[in-house]
Amino acid sequence: MEFLNYFSNVFTFGNILILILGTVGGLLLGAAPGLSPTMAVALLIPFTFKMSPEQGLIMLGAVYTATVAGGAISAILLKIPGAPANIATVMDGYPMAQKGKSKEALHYCFISSFVGGVIGILVLIFFTPLLANVALKFGPSHMFWIAIFGVTVIATLDSNSIIKGLFSGALGLWLATIGYDSVLGVERFVFNPIFSGGINIIAALVGLFAIPQVLSMLEKKQDLSDQFQMEKKSLFQSMKYNLSRFKALTIGSITGVIIGLIPGAGGQIAGLVSYDQIKKVSKNKENFGKGEPDGIIAAESANNAMVGPSLVPLLTLGVPGSPTAAVLLGGLLIHGMFPGPNLFTIYAETTWTFINSLLVAQFLMLIFGLYISGLAKYVIKTPVNYMAAAITILAIFGTYSVQHNFADVMVMLFLGVSMFFLSKFGFTAAPIVLGLILGPIAETNFSQAKIIADTQNGIFDYLTMGPLNLTIISLCILSIIYGLLTEIKKKTNDKDQ
Amino acid sequence: MIKINKLSSVVLVLILSILLAYASFSGGTSEAYIFPKLLSTVMIILSFLSLVLYFYNKNEKITEVDIKKLSIYLGSLLLFLVFGELLGFYFLAVLIFLIICYVYSEKKNKKSIFYNFLITLCFMIFIYFLFAILLKVQAPRFFLF
């Protein structure tokens with residue numbers, strides 16, 4: 001119950017203010033179609049650089065939680081998921097809105113997100129210290145494989161093609177070697193002095209997630225002029241009905257927790273799997289897709305229940321549970337905090353305050369979410385041109401503010417535009433970013449392993465022997481096989497259709 | 001709208017892998033290059049596999065990019081890269097904001113142009129307050145701002 005010792009830290013004036021700003025901002029960003037939680041967190045990282053680690057993490061955590069829930073607003077009102085995690089919400093949320101029950105659907109969305117979110121954070125609170133103690137037993141070879149595992153998982157799950165995903169991951173790892181070698185101090189691949197410090201992670205994060213999104217927004221340019229009516233609906237009635245849907249809430253929350261714990265899986269999978277499960281066990285199967293509240297309740301409780309558990313492997317091993325958690329890892333590293341047991345010893349105060357703030361964020365998300373959902377119609381109709389211009393200017397100033405270096409802006413824009421064209425060919429940003437973030441961890445541990453191995457039986461034996469090494473290697477192989485099977489299954493389905 | 005054959009992306013990826021491998025293997029014998037050498041080898045193998053799969057795969061091999069639509073935006077970014085330090089961030093940001101708002105706007109009447117100016121002004125005041133006053137960021141400037 002160590003977390004209780006730091007609970008009061010959340011309620012300082014500064015922390016609460018940041019938490020409220022993060023939650024409200026996250027809800028509005030989430031409601032805007034095209035602004036994913038990953039992009040929102042990436043855009044905010046430069047601002048947290050100037051904050052204390054505690055406040056920076058509170059801001060990022062609140063935005064992560066709120067954008068996932070806020071994404072349901074445009075999913076329900078416009079049939080455009082605000083985030084990939086809300087894809088399943090569209091299926092019954094939009095039909096409910098068409099029937100004139102948009103407010104009711106939004107009520108279910110935020111109440112279910114709250115229930116799922118609280119369960120997910122409780123799992124984070126109780127599981128993380130246990131897994132962190134296991135991480136104490138890890139040596140350089142294990143940490144090397146853990147970093148590789150993180151990249152393979154994201155590469156296989158967040159990509160349409162496993163080969164492209166793995167290539168992107170390897171490219172990210174290679175880009176991370178630019179600059180000085182952390183163990184030997186040798187300068188590498190510095191073709192221009194601006195790269196002597198390596199590629200700035202924040203510039204890469206902002207560029208890879210924000211600019212391609214802006215380009216595709218301008219290219220597609222959706223018309224958001226649908227008209228919809230907001231009915232009058234009692235919140236008390238919605239709450240009573242929502243909490244009575246115990247089966248949907250339980251299935252959603254449990255599915256979200258399990259999927260969140262699997263590194264790399266993310267909210268999209270959590271929402272879709274729980275929707276599928278509730279549909280299978282429901283007595284009203286025929287109502288699904290036509291505005292069945294259980295569909296919204298299961299999907300939304302699942303995608304928010306995923307948030308907490310997705311941070312368990314991140315905080316203990318450095319392996320993110322979702323692409324947004326991968327970006328959050330960048331937020332941890334810029335404050336000099338490395339995942340692992342140290343987070344619960346040296347940085348215990350910061351870590352527990354951050355985790356506790358996520359729990360408080362769920363309550364704020366419920367309160368503000370229910371209020372904002374009524375005003376959301378104004379936010380979601382923000383014209384694409386204003387949104388594109390604002391994101392671009394924020395990305396440029398945000399990137400520059402970190403090191404006051406124009407080269408970072410150049411790198412950010414170059415990577416962003418390149419990523420847009422790469423995305424046209426099926427490449428995704430998450431494996432590259434994770435490669436960049438985990439690259440130094442992988443290489444440092446590889447170099448340390450080599451130094452130790454040179455006094456023993458050689459590097460191959462050192463890296464591949466022992467039960468823990470073999471377990472992590474097997475997990476890497478399993479994640480690749482899983483990715484392959486999923487790809488083959490998807491291609492077979494496409495052919496059949 | 002330009003149509004790009006996916007083969008060009010596969011070839012580009014292969015060329016990129018070969019270039020990175022060349023940089024890694026010509027770096028010298030220092031142990032600092034072992035990790036990049038390993039990675040570039042993996043990248044070459046993956047890009048070869050990608051090339052093989054391209055010919056094996058019978059799916060859609062063409063992708064489209066509406067380059068005409070995006071050219072103004074890409075040009076604005078280029079403008080910022082070339083003149084960012086010379087003309088100052090705030091001046092160029094105002095210019096880029098106005099360009100993007102105007103070009104990608106559905107309506108181009110006097111009223112919408114007035115709104116574009118108003119929104120640009122409000123947004124830039126927010127940016128100035130956030131970065132120059134709150135975060136004390138000394139962005140490159142031009143004349144008054």
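Attention in this report is confined to the structure presented alongside it. (Residues numbered from 1 in each chain as written. Chains lettered and ligands numbered in written order. Predicted model: local features only at pLDDT ≥ 70, side-chain atom pairs only at ≥ 80, totals over all residues. Heavy atoms only, no water.)

### Digging into the nonpolar core
Turning to step 1, where the next piece is worked out: In this structure, A:Phe110 and A:Leu311 are the most contacted members of the largest nonpolar core, which totals 203 residues.
Turning to step 2, where the next piece is worked out: When residues in this core are grouped by element, the largest group, 14 residues, is from helix H3 (residues 53-78) of chain A. (Core = buried A, V, L, I, M, F, W, Y, C linked by side-chain atoms within 4.5 Å. Buried < 20%, exposed > 50% of the residue type's maximum accessible area, 1.4 Å probe, protein only. Helix = DSSP H or I, 4+ residues; strand = E, 2+ residues; numbered from the N terminus.)

### Some words on a nonpolar patch on the surface
Turning to step 1, where the next piece is worked out: Where nonpolar side chains cluster on the molecular surface, the patch consists of A:Met1, A:Leu4, A:Leu122, A:Phe126 and A:Phe127 and spans about 530 Å² of accessible area.
Turning to step 2, where the next piece is worked out: Its relative accessible area of 42% is what places A:Phe126 among the partly exposed residues. (Patch = residues over 30% accessible without salt bridge, like charges linked within 9 Å, V, L, I, M, F, W, Y side chains within 5 Å. Areas by Shrake-Rupley, 256 points an atom, 1.4 Å probe, with all protein chains shown as cover. Salt bridge = Lys/Arg side-chain N within 4 Å of Asp/Glu carboxyl O.)

### Side note on the pattern of salt bridges
All names here are of chain A.
Turning to step 1, where the next piece is worked out: In this structure the tally under the stated criterion is seven salt bridges over all chains.
Turning to step 2, where the next piece is worked out: Of the charged contacts in the structure, one is a salt bridge between Arg188 and Asp181, with a shortest N-O distance of 3.6 Å. Pair check on accessibility: Arg188 and Asp181 agree, each one buried.
Turning to step 3, where the next piece is worked out: Bridged by salt links that share partners, the residues Asp181, Arg188 and Glu443 form one connected network.

### Quick look at the environment of A:Leu359
Residues and elements named next belong to chain A.
Turning to step 1, where the next piece is worked out: As for its position among the elements, Leu359 is in helix H16 (residues 348-379).
Turning to step 2, where the next piece is worked out: In sequence terms Leu359 and Tyr180 are 179 residues apart; their C-alpha atoms lie 40 Å from each other.
Turning to step 3, where the next piece is worked out: Every residue in contact with Leu359, bar those within four places of it in the chain, is listed here: Phe7, Val118, Ile121 and Ile125. (Contact = heavy atoms within 4.5 Å.)

### Here we look at the packing of aromatic side chains
Ring pairs (aromatic) are described by centroid distance and by the angle formed between their planes.
Turning to step 1, where the next piece is worked out: For the structure on display, the rule yields 24 aromatic pairs over all chains.
Turning to step 2, where the next piece is worked out: Pairing B:Tyr90 with B:Tyr128 gives two aromatic rings, centres 5.4 Å apart and planes at 65°, and the pair type is edge-to-face. Taken together, the residues span a long stretch of sequence, with B:Tyr90 in helix H4 (residues 89-103) and B:Tyr128 in helix H5 (residues 110-134) at a distance of 38 residues.
Turning to step 3, where the next piece is worked out: Judged by its relative accessible area of 33%, B:Tyr128 is partly exposed.
Turning to step 4, where the next piece is worked out: Feature note: the residues A:Phe47, A:Phe397, A:Tyr400, A:Phe406, B:Phe80, B:Phe89, B:Tyr90, B:Tyr128 and B:Phe131 constitute an aromatic cluster, connected by ring pairs.
Turning to step 5, where the next piece is worked out: When the ring centre of A:Phe427 is taken as origin, the NZ or CZ atom of A:Lys164, which lies over that ring, is 5.8 Å away.
Turning to step 6, where the next piece is worked out: Positioned over the ring face of B:Tyr102 is B:Lys108, at 5.7 Å from the centre of the ring. (Phe/Tyr/Trp six-rings, centres within 6.5 Å; stacked < 30°, edge-to-face > 60°. Lys NZ or Arg CZ within 6 Å of the ring centre and 35° of its normal.)

### So, the packing of helix H2 (residues 37-48) of chain A against helix H15 (residues 323-334) of chain A
Between two packed helices, both the angle of their axes relative to each other and the distance between the axes serve to describe the pair.
Residues and elements named next belong to chain A.
Turning to step 1, where the next piece is worked out: In contact at an axis separation of 8 Å, H2 and H15 are set at 10° when each is read in the N-to-C sense. By the angle between their axes, H2 is roughly parallel relative to H15. Contacts from Pro37, Thr38, Val41, Ala42, Ile45 and Thr48 of H2 reach H15 at Pro323, Thr324, Val327, Leu328, Gly330, Gly331 and Ile334. (Axes fitted to C-alpha atoms, helices over the stretch in contact; angles between N-to-C directions. Parallel < 35°, antiparallel > 145°, perpendicular 65-115°, else oblique.)

### Topic: the layout of surface pockets
Turning to step 1, where the next piece is worked out: Considered as a void within the structure, the second largest pocket measures approximately 1200 Å³ in volume.
Turning to step 2, where the next piece is worked out: Listed by contribution, the elements that provide at least two residues to the lining of the second largest pocket are helix H1 (13-31), H2, H3 and helix H17 (384-403) of chain A together with H5 of chain B.
Turning to step 3, where the next piece is worked out: Among the elements that line the lining of the second largest pocket, the one with the most residues is H1(A), at nine residues. (1 Å grid on protein atoms, 1.4 Å probe; cavity = no way out; pocket = protein on both sides within 12 Å on 5 of 7 lines; lining within 4 Å. Points joined across faces, edges and corners; volume = space filled by probe spheres on them.)

### Details of the interface of chain A and chain B
Turning to step 1, where the next piece is worked out: With 56 residues of chain A at the interface, the matching set in chain B holds 67 residues.
Turning to step 2, where the next piece is worked out: At the surface where chain A touches chain B, the tally comes to one salt bridge.
Turning to step 3, where the next piece is worked out: A salt bridge links B:Glu31 to A:Lys450; its shortest N-O distance comes to 3.4 Å.
Turning to step 4, where the next piece is worked out: For the pair chain A and chain B, the interface holds twelve residue pairs in polar contact (both at pLDDT 80 or more).
Turning to step 5, where the next piece is worked out: Among the secondary structure elements, those contributing two or more residues to the side of chain A that touches chain B are helix H7 (162-175), strand S2 (187-188), helix H8 (201-220), H17, helix H18 (406-424) and helix H19 (429-453) of chain A.
Turning to step 6, where the next piece is worked out: It is H17(A) that contributes the most residues to the side of chain A that touches chain B, 13 residues altogether.
Turning to step 7, where the next piece is worked out: Residues belonging to the side of chain A that touches chain B are distributed by class as follows: 37 nonpolar, seven polar and twelve charged. (Polar contact = N/O pair within 3.5 Å; in protein donor to acceptor, adjacent residues only side chain to side chain. Nonpolar A, V, L, I, M, F, W, Y, C, P; charged D, E, K, R; others polar.)

In short, the description is geometric, and any link to function would need to be established separately.
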